[in-house]
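Inside the fold
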Amino acid sequence: MYKQVKPIKNNNTSLVIAGLILTNIFWGASGVAVKVAQLQLGTFEIVALRFIAAMPLLITATVLWKGWGALKIDKKDLPYIAILAFLGIPLEFLLQVTSLAYTTATCFTLIFSLSPFFIIFASAVLIKEKITRHKAIGALIGFIGVTFIITNGSLAVPTNLLGDAVAIMANIVWALYTVLGKSINEKYSALTVLNYTFIFGALELLPFYFISPRLSPAAFTESTWIAMIFLTIFCSLVAFLLYNYGTEKLPASIAGMFIYVQPLSGVALAAIVLGESITIYTILGTFLIIYGIYEAERRGGLINGIKNVENNRKSQ
């Protein structure tokens, strides 16, 4: 069953879908942008600068869009959100960027596309959600796909094994953040929680930034500026706002289906921008991951979900 959503006109439905596709293109491209930034900046610099700069921009955009009421929250929930923020921003994104220092953007993007499966397993362990047959089969197919990508069809130890292992750790942390945050997301809007996650995340990153070696922004190259602006504005601000808008107009289960776009955009842009090779095993692995996600979520499929939304709209 799908949640009730606000009725929207047909042309607006197309715009919402376009926004969700664009969101996942941005998120798929984030690994490429990090690889470019790493040519000049360190791990702590990239993550800290990204969220310290994005935090006030997100607050400003939220107030202009929803008003100050969108930031209203019960003070007793702040410590829990601070802990969640540490998982979701400093820890998870530091693992992401560390991973990209030791593996390709292609491998990272495809491994991180497995996040729905890690969330399924974390939900089963932490909140006792049932793993259905479709979810189990989908997870198995997805993990077979990533095995093809990591090994590239060889039995030898992969040269990128460390980076790939850290990417898996980032997936585990993201799954914990997502599952542990369910209760707080049921109490407040996703946008409210996102703002406080950014606030606490940025504050928690400040010590890492000041104790680590850092380069003056005046010394940034043009490519570094472009990469950091892309990560800050498009991946951290625009993408999250578009995603929140999309989940207001479509059920979250349907909005989440556009994750299929992430591996495609990440692999394509890694090849175009970074010159990373696309092998037959990359193509096969990508197909298996996308099909695995589809298999795991097909009872809430995209087409049926959109039809359901349209039927709800017509009945109102």
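Residues numbered from 1 in each chain as written. Predicted model: local features only at pLDDT ≥ 70, side-chain atom pairs only at ≥ 80, totals over all residues. Heavy atoms only, no water.

As a reminder of what qualifies: UniProt positions are given in the numbering used here, feature names are shortened, and annotations may be inferred rather than shown by experiment.
As annotated in an unreviewed UniProt entry, the protein carries the name DMT family transporter and is attributed to Methanobacterium veterum. In the Subcellular location (unreviewed entry) part of its UniProt record, the protein is described as follows: "Cell membrane".

Re the overall build of the protein
The cut-off we apply is this: Comment: elements are numbered from the N terminus, with helices defined as DSSP H or I runs of at least four residues and strands as E runs of at least two. Remark: exposure states derive from per-residue accessible area (1.4 Å probe, protein chains only) relative to the maximum for the residue type, with buried under 20%, exposed over 50%, and partly exposed in between. Each accessible area value is a Shrake-Rupley result obtained with a 1.4 Å probe; residue values ignore everything except the protein chains displayed when judging cover.
When its secondary structure is counted, the protein shows 14 helices and zero strands. Ordering the α and β elements of the protein from the N terminus gives α-α-α-α-α-α-α-α-α-α-α-α-α-α. Within the protein, buried positions represent 50% of all 316 residues. Looking at the protein as shown, the accessible area adds up to about 15,000 Å², and 69% of this sits on carbon and sulfur atoms.

Looking at the side chain of aspartate 164
For the record, the criterion: Counted as positive: Lys and Arg. Counted as negative: Asp and Glu, with His and the chain ends omitted from the count. Salt-bridge detection follows one rule: a side-chain nitrogen of Lys or Arg within 4 Å of a carboxyl oxygen of Asp or Glu. Definition of a polar contact: a pair of N or O atoms within 3.5 Å, with one able to donate and the other able to accept a hydrogen when the atoms are protein atoms, and with sequence-neighbouring residues admitted only if both atoms are side-chain atoms. Contacts were defined at the residue level, with two residues in contact if any of their heavy atoms lie within 4.5 Å.
When you line up the elements, aspartate 164 lands in helix H7 (residues 161-180). Buried and unpaired, aspartate 164 has lysine 35 as its nearest opposite-charge partner, separated by 9.6 Å. In terms of polar contacts, aspartate 164 uses its side chain to reach the side chain of threonine 103, at 2.7 Å. Setting aside chain neighbours within four positions, we find aspartate 164 in contact with Thr103, Cys107, Ile111 and Ile150.

So, the environment of serine 212
Tracing the backbone through its elements, the reader meets serine 212 in the loop between helix H9 (190-211) and helix H10 (222-249). Along the backbone, serine 212 and glycine 42 are 170 residues apart, and their C-alpha atoms lie at a distance of 8.6 Å. A polar contact of 2.9 Å, which involves the side chain of serine 212, links it to the backbone oxygen of phenylalanine 208.

A look at unusual backbone geometry
The phi torsion at lysine 128 lies on the positive side, around 60°, for a residue other than glycine. Tracing the backbone shows lysine 128 in the loop between helix H5 (115-126) and helix H6 (133-151). Under the relative-accessibility criterion, lysine 128 is labelled exposed at 69%.

Some remarks on helix H4 (residues 105-112)
Of all eight residues in H4, eight are buried; the element is thus mostly enclosed. Taken as a whole, H4 has its buried residues at Ala105, Thr106, Cys107, Phe108, Thr109, Leu110, Ile111 and Phe112.

Brief notes about H6
The test is simple: An expected span of 1.5 Å times one less than the residue number is assigned to each helix.
The first and last C-alpha atoms of H6 sit 27 Å apart over 19 residues, in line with the 27 Å expected at 1.5 Å per residue. Of the positions making up H6, those classed as buried are His134, Gly138, Ala139, Ile141, Gly142, Gly145, Val146, Ile149 and Ile150. Elements that come into contact with the buried residues of H6 comprise H4, H5, H7 and helix H13 (280-297). Positive backbone phi, at 55°, marks asparagine 152, one or two positions downstream of H6.

Digging into the side chain of asparagine 244
One can find asparagine 244 in helix H10. You can call asparagine 244 buried: its relative accessible area is 8%. Polar side-chain contacts of asparagine 244 include one of 3.2 Å to the backbone nitrogen of leucine 191.

Describing the environment of leucine 71
Tracing the backbone shows leucine 71 in the loop between helix H2 (43-66) and helix H3 (78-100). Leucine 71 gets classed as buried once you look at its relative accessible area, which sits at 13%. Each C-alpha atom, one on leucine 71 and one on isoleucine 59, is 8.4 Å from the other, the two residues being 12 residues apart in sequence. When sequence neighbours within four positions are dropped, the list of residues in contact with leucine 71 reads Ile59, Thr62, Val63, Asn195 and Tyr196.

Topic: the packing of H2 against H10
Let me state the cut-off plainly: Comment: axis = line fitted to C-alpha atoms, over the contacting stretch for helices; angle = value between 0 and 180 degrees taken between N-to-C directions. Any angle from 65 to 115 degrees is called roughly perpendicular, while one under 35 is roughly parallel, one over 145 is roughly antiparallel, and all others are oblique. Rotating anticlockwise by less than a right angle from the far helix to the near helix defines a left-handed crossing, while the corresponding clockwise rotation defines a right-handed one. The nonpolar class holds Ala, Val, Leu, Ile, Met, Phe, Trp, Tyr, Cys and Pro. Asp, Glu, Lys and Arg form the charged class, and all remaining residues, Gly among them, are polar.
At a minimum axis distance of 9 Å, the contact between H2 and H10 shows a crossing angle of 40°. Here H2 is positioned oblique relative to H10, judged by the angle of their axes. As H2 runs across H10, the sense of the crossing is right-handed. Of the residues in H10, those in contact with Ile46, Leu49, Arg50, Phe51, Ala53, Ala54, Leu57, Leu58, Ala61, Trp65 and Lys66 of H2 are Met228, Leu231, Thr232, Ile233, Cys235, Ser236, Leu237, Leu241, Asn244, Tyr245 and Glu248. Residues that form the contact of H2 with H10 fall into these classes: 16 nonpolar, three polar and three charged.

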